[in-house]
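The lines below spell out each chain.
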Amino acid sequence: MSRRTLLVGGLGIVAAGAAGLAGVEEGVIPGRTTLHAVLGLNGEAGRIPDAEPGPKAEGSFVSSARDGATCAWTVSYPPGAAVGDPLPVAVVLHGYGGARTTGFAKIGLDRFQAQAGSPFALASVDGGNGYWHPRAVGGDSGAMVVDELLPALSGL
């Protein structure tokens, strides 16, 4: 084997490996979580602050956008605010298999909000497992947020 063949072959292997890693990193090829674990890129688990969250409001509505499903919602206000105070709202969308409580119970967003003194409310709603776009079965969770949840919250 000539040196030229060896160099060209080696460069081809390196280029294919780099393209594969880029594909994994960009989510085109599965395995990003495993790759980050192997390379030590995940870091330590974070700590949820030991801060007392502000008041919460909860309710539900029947969603026409989600084909008649009952959608429960939760709004977390910052400490010092009262339920119904006119504040900007950040909508918290849960992942597949989650619920409106995931961001508060598992991630502690309401406690991070309290620690930071954020001047806005956090609103979360049960969106089902259809992700946040139109689906053939289960309706359109994204439309439910825009067309039904936000108007419902404006009445608080």
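Our subject is the structure listed above.
Residues numbered from 1 in each chain as written. Predicted model: local features only at pLDDT ≥ 70, side-chain atom pairs only at ≥ 80, totals over all residues. Heavy atoms only, no water.

Participant: Hey, could you run me through the nonpolar core in this one?
Facilitator: Proteins that are soluble and globular tend to have nonpolar side chains buried together. Phe61, Trp73, Val75, Val125, Met144 and Leu149 are the most contacted members of the largest nonpolar core, which has 16 residues in total. Those elements giving two or more residues to this core turn out to be β1 (56–63), β2 (69–76), β4 (121–125) and α5 (141–154). A total of five residues in this core trace back to one element, the largest contributor, which is α5. Discounting residues that sit within four places of it in the chain, Trp73 has contacts with Ala57, Glu58, Gly59, Ser60, Phe61, Arg100, Ser124, Val125, Leu149, Leu153 and Leu156. (Core = buried A, V, L, I, M, F, W, Y, C linked by side-chain atoms within 4.5 Å. Buried < 20%, exposed > 50% of the residue type's maximum accessible area, 1.4 Å probe, protein only. Helix = DSSP H or I, 4+ residues; strand = E, 2+ residues; numbered from the N terminus. Contact = heavy atoms within 4.5 Å.)

Participant: What should I look at first to understand the side chain of Thr74 in this one?
Facilitator: Considering the arrangement of structural elements, one finds Thr74 in strand β2. Apart from the residues lying within four places of it in its own chain, the contact partners of Thr74 are Lys56, Ala57, Glu58, Arg100, Phe104, Leu122, Ala123 and Ser124.

Participant: Can you walk me through the pairing of β4 in this structure?
Facilitator: Taken across its five residues, β4 has five buried, putting it largely inside the fold. By the bridge criterion, four bridges tie strand β3 (residues 89–92) to β4 in an arrangement that is parallel. Residue pairing across strands places Ala90 opposite Leu122, the latter belonging to β4. (Pairing = 2+ DSSP bridges.)

Participant: I tried to follow the sheet that holds β1 on my own but got confused; where do I start?
Facilitator: Each strand in a sheet pairs with its neighbour through backbone hydrogen bonds, running either in the same direction (parallel) or in the opposite one (antiparallel). Across the sheet, which stays open at both edges, the four strands sit in the order β1-β2-β4-β3 with mixed pairing between neighbours. Each end of this open sheet is capped by a strand with a single partner; those strands are β1 and β3. On average, adjacent strands in this sheet sit at an angle of 25° to one another, irrespective of strand direction. By the bridge criterion, eight bridges tie β1 to β2 in an arrangement that is antiparallel. Residue Val62 lies in a different strand from β2, and its bridge partner there is Thr70. (Axes fitted to C-alpha atoms, helices over the stretch in contact; angles between N-to-C directions.)

Participant: Honestly, the pairing of β2 in this entry has me stumped. Any pointers?
Facilitator: Two faces, one strand: in a regular strand the side chains alternate between the faces of the sheet. With six of eight residues buried, β2 is to be regarded as a mostly interior element. What sits between β1 and β2 in their antiparallel hairpin is a turn of five residues, with Asp67 showing a positive phi close to 60°. Sheet topology note: the β2/β4 ladder contains four bridges and is antiparallel. Within β4, the residue paired with Ser76 across the bridge is Leu122.

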